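Architecture at a glance
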Amino acid sequence: MHSGKMLLFLFVFGLFALGCGESSRIRAKGRIIKGGQPYLASEGEGFRVFFVPLEIPKGNHYDSYAAEYNSENGSFRVEGKDGKGLPPGKYRVDLQLMKSKEDLLNGKLLGKKSPFIVEVTGKDELVINLDEANFDSILAGQKTIKPTRKKS
């Protein structure tokens, strides 16, 4: 009888351990701010927010993770492709400000152009501060002017 209880315990423990396999995934959440306040996109606009892993083992395919942006309060959340979140780690955050299927930022906050690096741990809310990217200048389409030297 004692060995029967032990087998039952091991079976239940095994099922519990299998169920915890995805516990390392995180449903990250945060907000996009500008000037210390939530950034609220104008009517008809909305952010597309992507988390791209920075640590990719060589030869491995990587997934990027789309976030859902809430234009009413400037928040976002990342549920992952299967609703279980994304793996913990460091990510570059790519942003597009969309209006009528056009990126109003012209790709200037995508890929290596994006200054936004976050570490997803599940402990803290993630904050994307648009002021770190000179957002107003990018949105206005202005280019950073570098001083040029005249040739003699």
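In the block above lies the structure referred to throughout.
Overview of the structure.

Definitions and cut-offs
- Residues numbered from 1 in each chain as written.
- Predicted model: local features only at pLDDT ≥ 70, side-chain atom pairs only at ≥ 80, totals over all residues.
- Heavy atoms only, no water.
- Phe/Tyr/Trp six-rings, centres within 6.5 Å; stacked < 30°, edge-to-face > 60°.
- Helix = DSSP H or I, 4+ residues; strand = E, 2+ residues; numbered from the N terminus.
- Buried < 20%, exposed > 50% of the residue type's maximum accessible area, 1.4 Å probe, protein only.
- Pairing = 2+ DSSP bridges.
- Core = buried A, V, L, I, M, F, W, Y, C linked by side-chain atoms within 4.5 Å.
- Contact = heavy atoms within 4.5 Å.

Quick word on the packing of aromatic side chains
Summed over the entire model, instances satisfying the criterion amount to seven aromatic pairs. When the centroid spacing of 6.3 Å and the interplanar angle of 45° are considered together, the rings of Phe47 and Phe135 count as tilted. Here the residue Phe47 occupies a position in strand S3 (residues 45-53), and Phe135 occupies one in helix H2 (residues 135-140), the gap between them amounting to 88 residues. With a centroid separation of 6.1 Å and 70° between ring planes, the pair formed by Phe51 and Tyr91 is classed as edge-to-face.

Some points on the pairing of strand S8 (residues 117-120)
Only one face of S8 is covered, namely the face carrying Val118 and Val120; the face carrying Ile117 and Glu119 is uncovered. Both strand S6 (residues 89-99) and S8 contribute to a ladder of four bridges, which runs antiparallel. Across the sheet, the residue bridging to Tyr91 is Val118, located in S8.

Some details on the nonpolar core
The biggest cluster of nonpolar side chains holds 29 residues, and the ones touching the most others in it are Ile32, Tyr39, Phe47, Val49, Phe51, Leu95 and Val120. Only strand S1 (28-34), S3, strand S4 (65-70), strand S5 (75-78), S6, S8, strand S9 (126-129) and H2 provide two or more residues apiece to this core. Top contributing element to this core by residue count: S6, with four residues. Discounting residues that sit within four places of it in the chain, Ile32 has contacts with Gln37, Pro38, Tyr39, Phe47, Val49, Tyr69, Gly74, Phe76, Leu95, Ile128 and Leu130.

Nothing here speaks to function; it is geometry throughout.
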